[in-house]
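# An overview of the molecular structure
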Amino acid sequence: MEWRASHILVKEKGLADDLRKRLKTGGKFAELAKEFSTCPSGSKSGDLGWFGPGKMVKAFEDAVKRLGHGSLSPVVKTQFGYHIIKKTGQKE
């Protein structure tokens, strides 16, 4: 199994909560990722490409597995900060 996802990574939970609200009310994921994400993937609209089991930290991978295609995760905390994840693909 492989997944494809984009994410926005920030250091503060409050900012992550605010960005998720903006996304739920019509904000553009790619634009917000470019503007706010602290991950280098931000320059690619948050796109992380394809990855398989064990390639991401457990909390991140678990969140991606639970998402339907195109849906947004709740705010996910890892040692890197707070993520908002959008699942963009899945293949066997």
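Below is a summary of the structure that appears in this document. None of these values were measured; they are calculated from a predicted model.

## Things to note about the overall build of the protein
In terms of helices and strands, the protein carries 3 helices and 4 strands. The linear arrangement of helices and strands in the protein, starting from the amino end, is β-α-α-β-α-β-β. For 92 residues, the compact-globule formula gives about 12 Å, and the C-alpha radius of gyration of the protein, at 12 Å, lands near that figure. With the principal axes as the frame, the protein shows a C-alpha extent of 35 × 25 × 20 Å. Across the 92 residues that make up the protein, the buried fraction comes to 40%. Restricting the contact set of the protein to residue pairs at least 6 apart, pairs at least 24 apart contribute 58%. One way to put it: in the protein the 18 positive side-chain charges average out to a point 2 Å from where the 10 negative ones average out.

## What to know about the sheet that holds strand E4 (residues 81–91)
Two pairing modes exist for strands in a sheet, parallel and antiparallel, and in both the strands are linked by backbone hydrogen bonds. Pairing within the open sheet is antiparallel, and its 4 strands lie in the order E2-E1-E4-E3. Edge positions in the sheet fall to strand E2 (47–51) and strand E3 (76–78), since each has one partner strand and no second. The sheet shows a mean angle of 40° between the axes of neighbouring strands, direction not considered. Contacts between helix H1 (residues 13–24) and the sheet are confined to strand E1 (2–10) and E4, with E4 contributing the most and set at about 40° to the helix. Contacts from helix H2 (residues 29–36) reach E1 and E4 within the one sheet, and its direction differs from that of E1 by about 50°.

## Considerations on the packing of H1 against H2
Two elements in contact, H1 and H2, have axes whose closest approach is 10 Å; the angle formed by their N-to-C orientations is 155°. With respect to each other, H1 and H2 are oriented roughly antiparallel. Judged by the sense of rotation from one axis to the other, the crossing of H1 with H2 is right-handed. Contacts between H1 and H2 involve Leu15, Leu19, Arg22 and Leu23 from the former and Phe29, Leu32 and Phe36 from the latter. Split by residue class, the contact of H1 with H2 holds 6 nonpolar, no polar and 1 charged.

## Side note on H1
With 12 residues, H1 extends 16 Å from end C-alpha to end C-alpha; this agrees with the ideal 16 Å at 1.5 Å per step. Of all the positions in H1, only Ala16, Leu19 and Leu23 are classed as buried. Buried residues in H1, looked at end-on, bunch into an arc of 65°, giving them a common side. Exposed side chains of H1 directed beyond 90 degrees from the buried face belong to Gly14, Lys21 and Lys24. Lining the buried residues of H1 we find E1, H2 and E4. Immediately downstream of H1, the backbone of Gly26 shows phi near 105°, a positive value.

The rules behind the values
- Residues numbered from 1 in each chain as written.
- Predicted model: local features only at pLDDT ≥ 70, side-chain atom pairs only at ≥ 80, totals over all residues.
- Heavy atoms only, no water.
- Helix = DSSP H or I, 4+ residues; strand = E, 2+ residues; numbered from the N terminus.
- Rg over C-alpha atoms; globule rule 2.2 N^0.38 Å.
- Buried < 20%, exposed > 50% of the residue type's maximum accessible area, 1.4 Å probe, protein only.
- Contact = heavy atoms within 4.5 Å.
- Lys, Arg positive; Asp, Glu negative; His and termini not counted.
- Charge placed at Lys NZ, Arg CZ, Asp CG, Glu CD.
- Pairing = 2+ DSSP bridges.
- Axes fitted to C-alpha atoms, helices over the stretch in contact; angles between N-to-C directions.
- Parallel < 35°, antiparallel > 145°, perpendicular 65-115°, else oblique.
- Left-handed = near helix turned anticlockwise from the far one by under 90°.
- Nonpolar A, V, L, I, M, F, W, Y, C, P; charged D, E, K, R; others polar.
- Expected span 1.5 Å × (residues − 1).
- Arc of directions from axis to C-beta.

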